Amino acid sequence: MPKIKFTKMHGCGNDYIYVDAMHHPIADPHTCAKVWSDRHKGIGSDGLVLIDRSPGPERLRAGEQSLGMADYAMRIFNADGSEAMMCGNASRCIGKYLYEKGFTSKTEIRLLTLSGIKTLYLHMINNIVESVSVDMGEPVFEDETLFNPTLATGLEASFVSMGNPHYVVFTDDVDQVGQTGPVLEHHQAFPQRCNIEFARMEADGRIRTRVWERGSGITLACGTGACATAVAACMTGRAGRASNIVMDGGTLRIEWLEADRSAEGHFFQKNHVYMTGPAAFVFDGEVEIP
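What comes next is a walk through the structure. (Residues numbered from 1 in each chain as written. Predicted model: local features only at pLDDT ≥ 70, side-chain atom pairs only at ≥ 80, totals over all residues. Heavy atoms only, no water.)

With that settled, the discussion passes to the overall build of the chain. When you go through the chain residue by residue, the secondary structure sums to four helices and 21 strands. For the chain, whose C-alpha radius of gyration is 18 Å, the value lies close to the compact-globule estimate of 19 Å for 290 residues. Dimensions of the chain, computed from the C-alpha atoms along their principal axes, are close to 50 × 45 × 40 Å. The 290 residues of the chain split such that 53% are buried. Within the structure as shown, the chain displays about 12,900 Å² of accessible surface, and the carbon and sulfur contribution to it stands at 48%. Side-chain charges in the chain split into 27 positive and 36 negative, and the spacing between the mean points of these groups amounts to 3 Å. (Helix = DSSP H or I, 4+ residues; strand = E, 2+ residues; numbered from the N terminus. Rg over C-alpha atoms; globule rule 2.2 N^0.38 Å. Buried < 20%, exposed > 50% of the residue type's maximum accessible area, 1.4 Å probe, protein only. Areas by Shrake-Rupley, 256 points an atom, 1.4 Å probe, with all protein chains shown as cover. Lys, Arg positive; Asp, Glu negative; His and termini not counted. Charge placed at Lys NZ, Arg CZ, Asp CG, Glu CD.)

Gaps left between atoms show up when a probe the size of a water molecule is rolled over them. Across all of its chains, the model carries one cavity of 30 Å³ or more by this definition. Each pocket or cavity is described by its volume, and for the largest cavity that value is around 90 Å³. Tyr16, Ile76, Asn78, Ala84, Met86, Cys87, Asn164, Asn195, Glu213, Arg214, Cys222 and Thr224 are the residues that line the largest cavity. A breakdown of the residues in the lining of the largest cavity according to their chemical character gives six nonpolar, four polar and two charged. (1 Å grid on protein atoms, 1.4 Å probe; cavity = no way out; pocket = protein on both sides within 12 Å on 5 of 7 lines; lining within 4 Å. Points joined across faces, edges and corners; volume = space filled by probe spheres on them. Nonpolar A, V, L, I, M, F, W, Y, C, P; charged D, E, K, R; others polar.)

With that settled, the discussion passes to the environment of Gly44. Looking at the secondary structure, you find Gly44 in the loop between α1 (29–37) and β3 (47–53). The spacing of Gly44 and Ala242 is 198 residues in sequence and 33 Å in space, taken between C-alpha atoms. Contact partners of Gly44, with chain neighbours within four places excluded, come to Lys8, Asp15, Trp36, Ser37, Asp38 and Arg39. (Contact = heavy atoms within 4.5 Å.)

Attention now moves to helix α4 (residues 223–235). Taking 1.5 Å per residue as the helical rise, α4 with its 13 residues ought to reach 18 Å, and the 18 Å between its terminal C-alpha atoms agrees with that figure. α4 sits mainly inside the fold: twelve of its 13 residues count as buried. Within the sequence span of α4, burial applies to Gly223, Thr224, Gly225, Ala226, Cys227, Ala228, Thr229, Ala230, Val231, Ala232, Ala233 and Cys234. Downstream of α4 by a residue or two, Gly237 has a phi angle that is positive, lying close to 80°. (Expected span 1.5 Å × (residues − 1).)

In structure tokens:
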């Protein structure tokens, strides 16, 4: 059977298999994601990420306004083979991958996802990408295609879409993630299933969060989930505009801007959510295509 090269990376423990689809296209990424993600019989991961060229100038789905040209494109497939709209941890890893493997010399990269173009800001130390900030866009609180609020779940929670749907449950018992997470993922209130966060406010202001990801189960971190948690905490008066979200695999810094800002030669937009955190290589290898 033919083999393909891959790179294993993680962001705060949220690990994916990365493939350079520019040189190694995959015909059936859904099957590859399921087989390769198996932690006992495969490589082991939360899913598969394909890095590709941008197909051209992008447009909004519902209109004709040009979004401009992206530098690269990302597709992401969960461990169960389903395709995801967006992944914050994966996008940070892609920034490190593209720079350190020599695909680009840019430290500001526009990445096309199924949730639109996301801008990556690489923070460098001695020509090494130490961390990445991602413009995650504006949060969305009402979307009947993702969440039907008339179907109550009986929990104190907030719905926030960060390009993919999240349901943030504030509770002292974040360890119920394995029991309650799968029930809520498939709840009738979520027509397309949902990512579930269990969040607890800590005395020092940090937010301890555990994640049940749609299509992958418990993961050590979720970038979009961290953003949704920070936004929900701010909206409900539990926190301010900036929060440290402590997940099983590490901490992400999330800021929901109240006003436009310029810093380090970059322009940051009001009402956009910015996520900052690490990205790391694990190993390179070759694997058979199923």
